[in-house]
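Analysis of the macromolecular model
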Amino acid sequence: MVYEQEKHLASDDFACYQVATPGVYVNIGNGETVSAHNSQFKADDGVVITGAKFFEKNAIRILQELGQHIIN
């Protein structure tokens, strides 16, 4: 399932990286569980595979786009 979250303020410095390099912030969920900072949190190891495939596909896509841009 893919959906866009409502915009919210995060507590990291990702925006600082965006000054130098375009990018996107991605949250890969674990279903309807408690926060990862909660002692009752149960991680679903299958999500790691899903996340890795997501980043692999996007890395390949971006590299292909950059290659076409360099060639043209």
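Here is a short report on the structure shown in this document. (Residues numbered from 1 in each chain as written. Predicted model: local features only at pLDDT ≥ 70, side-chain atom pairs only at ≥ 80, totals over all residues. Heavy atoms only, no water.)

Turning our attention to the overall build of the protein chain. The helix and strand inventory of the protein chain stands at two helices and zero strands. Out of the 72 residues in the protein chain, the part that is buried amounts to 4%. When the accessible surface of the protein chain is split by element, carbon and sulfur atoms take 58% of a total near 7200 Å². (Helix = DSSP H or I, 4+ residues; strand = E, 2+ residues; numbered from the N terminus. Buried < 20%, exposed > 50% of the residue type's maximum accessible area, 1.4 Å probe, protein only. Areas by Shrake-Rupley, 256 points an atom, 1.4 Å probe, with all protein chains shown as cover.)

The subject of this paragraph is the packing of aromatic side chains. As enumerated under the stated definition, the model contains one aromatic pair in all. Judged by centre distance (5.2 Å) and plane angle (80°), the ring pair of F54 and F55 falls under edge-to-face. Take F54: its relative accessible area is 34%, and that puts it in the partly exposed class. Classification of F55 by relative accessible area gives partly exposed; the value is 47%. (Phe/Tyr/Trp six-rings, centres within 6.5 Å; stacked < 30°, edge-to-face > 60°.)

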